[in-house]
Amino acid sequence: MNICELGLGHCAVIADLHAESFTENWSTQAFADLISLPATFGFLAFDRDSDDPFGFVLCQGDDIEAEIITIATRPSVRRKGVAATLLKAACTQTARMFLEVATDNLSAISFYEKHGFKVVPQEEKDRLLEKYWLIPERQVETSVVLADQKWFDLY
Ligand SMILES: CC(C)(COP(=O)(O)OP(=O)(O)OC[C@H]1O[C@@H](n2cnc3c(N)ncnc32)[C@H](O)[C@@H]1OP(=O)(O)O)[C@@H](O)C(=O)NCCC(=O)NCCS
């Protein structure tokens, strides 16, 4: 497996990968708009022989603090370390990483916990969600925020 930094040329590929993993549809243009933002960064994992895409991670933030907007591995290659490789690459770009995930997404929560992320306390979750996300109140209620150890060391 190889990885490379995400660029505008990958938007159609990651829209397809996203559609395989989520019911919510994000268009190629939506990814192009996101990737065009200066604070957005991410990585694509692909087969080193065939170039077939395996998964991607998309983040926003800076070298101090960043959030994972989305991460996905195509179903046929899950539990082989694809997301772990992507997460490791993303975390090299920032000191502290955090993310929001649906409370019932147990596989994702397990994945992040395996990599040292922990659920942030309710009060801090509310502060982060208010500061960083424009998401509906219902989604706030049905999500948790996880952060890595460096985040907990600071707060
Ligand atoms: C979460 C996700 C990205 C993990 O990708 P992956 O490439 O399979 O992850 P890795 O192989 O690096 O890590 C596997 C670990 O993740 C956790 N995990 C992954 N799938 C799991 C499942 N179905 N049940 C329980 N734990 C699971 C486990 O800790 C697992 O370790 P193990 O295999 O030793 O038990 C993938 O399941 C996915 O794309 N899900 C749909 C999209 C999504 O929900 N993204 C996260 C929210 S943004």
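Above: the structure in question.
Report on the accompanying structure. Just so it is clear, the structure is predicted and the values come from calculations on it, not from any experiment.

## What about the overall build of the chain?
Part 1: Counting its secondary structure elements, the chain contains seven helices and seven strands.
Part 2: In sequence order, the secondary structure elements of the chain are arranged as β-α-α-β-β-β-α-β-α-β-α-α-β-α.
Part 3: Its C-alpha radius of gyration of 15 Å places the chain within 12% of the 15 Å reference for a compact globule of 155 residues.
Part 4: With the C-alpha coordinates aligned to their principal axes, the bounding extent of the chain is approximately 45 × 30 × 30 Å.
Part 5: Counting only contacts in the chain whose residues sit at least 6 apart along the sequence, the fraction spanning at least 24 positions is 64%.

## Thoughts on the nonpolar core
Part 1: Among the nonpolar cores identified, the biggest contains 36 residues, and F43, F56, V57, L86, A90, F98 and L146 are the most heavily contacted of them.
Part 2: Among the elements of the structure, helix 1 (11-21), strand 2 (40-46), strand 3 (53-61), strand 4 (65-73), helix 3 (82-91), strand 5 (96-102), helix 4 (106-114) and strand 7 (143-147) are those that each provide at least two residues to this core.
Part 3: Lining this core are residues from two domains, each supplying at least three of them: domain 1 (1-94) and domain 2 (100-155).
Part 4: In this structure, L146 is in contact with F98, L99, V101, Y112, F117, K118, V119 and V120, ignoring residues within four places of it in sequence.

## Some remarks on the packing of helix 1 against helix 2 (residues 28-36)
Part 1: Where helix 1 contacts helix 2, the axes come no closer than 8 Å and their chain directions differ by 120°. Where helix 1 crosses over helix 2, the two elements pack in a sense that is right-handed. Across the interface between the two elements, C11, A12, I14 and A15 from helix 1 touch T28, F31, A32 and I35 from helix 2.
Part 2: Its residues assigned to classes, the contact of helix 1 with helix 2 shows seven nonpolar, one polar and no charged.

## Some words on the pairing of strand 5
Part 1: Along strand 5, six of the seven residues are buried, which leaves the element largely enclosed by surrounding structure.
Part 2: Handedness of the crossover is the feature at issue here: the chain leaves strand 4, passes through helix 3, returns alongside strand 5, and the resulting connection is right-handed.
Part 3: Alignment of strand 5 against strand 7, held across five bridges, turns out to be antiparallel. The residue of strand 7 that forms the bridge with A102 is S143.

## Observations regarding the site of the ligand
Part 1: Close to the ligand lie 20 residues, the nearest being T73, A83, A84, S107 and F111.
Part 2: At the level of secondary structure, the elements contributing two or more residues to the shell around the ligand comprise strand 4, helix 3 and helix 4.
Part 3: Looking at the shell around the ligand, the element that brings in the most residues is helix 4, giving five residues.
Part 4: Looking at the shell around the ligand, its residues break down into eight nonpolar, eight polar and four charged.
Part 5: Each of domain 1 (1-94) and domain 2 (100-155) accounts for three or more of the residues forming the shell around the ligand.

## Examining the sheet that holds strand 1 (residues 2-5)
Part 1: In space, the seven strands of this open sheet follow the order 1-2-3-4-5-7-6, with mixed pairing throughout. At either end of the open sheet lies a strand with only one pairing partner, and these are strand 1 and strand 6 (118-119).
Part 2: For strand 1 and strand 2, the ladder comprises four bridges, and the chain directions are antiparallel. Bridge assignment links C4 to a residue of strand 2, and that residue is L44.
Part 3: Contacts between helix 5 (residues 122-132) and the sheet are confined to strand 4, strand 5 and strand 7, with strand 7 contributing the most and set at about 95° to the helix.

## Quick look at the pairing of strand 7
Part 1: Bridge count between strand 6 and strand 7: two bridges; the pairing is antiparallel. Residue pairing across strands places K118 opposite A147, the latter belonging to strand 7.

Parameters at a glance
- Residues numbered from 1 in each chain as written.
- Predicted model: local features only at pLDDT ≥ 70, side-chain atom pairs only at ≥ 80, totals over all residues.
- Helix = DSSP H or I, 4+ residues; strand = E, 2+ residues; numbered from the N terminus.
- Rg over C-alpha atoms; globule rule 2.2 N^0.38 Å.
- Contact = placed C-beta atoms within 7 Å.
- Core = buried A, V, L, I, M, F, W, Y, C linked by C-beta atoms within 7 Å.
- Buried ≥ 20, exposed ≤ 12 C-beta atoms within 10 Å, placed from the backbone.
- Domains from an automatic or database assignment.
- Axes fitted to C-alpha atoms, helices over the stretch in contact; angles between N-to-C directions.
- Left-handed = near helix turned anticlockwise from the far one by under 90°.
- Nonpolar A, V, L, I, M, F, W, Y, C, P; charged D, E, K, R; others polar.
- Right-handed = clockwise from strand over helix to strand, strands pointing away.
- Pairing = 2+ DSSP bridges.
- Near = placed C-beta within 6 Å.

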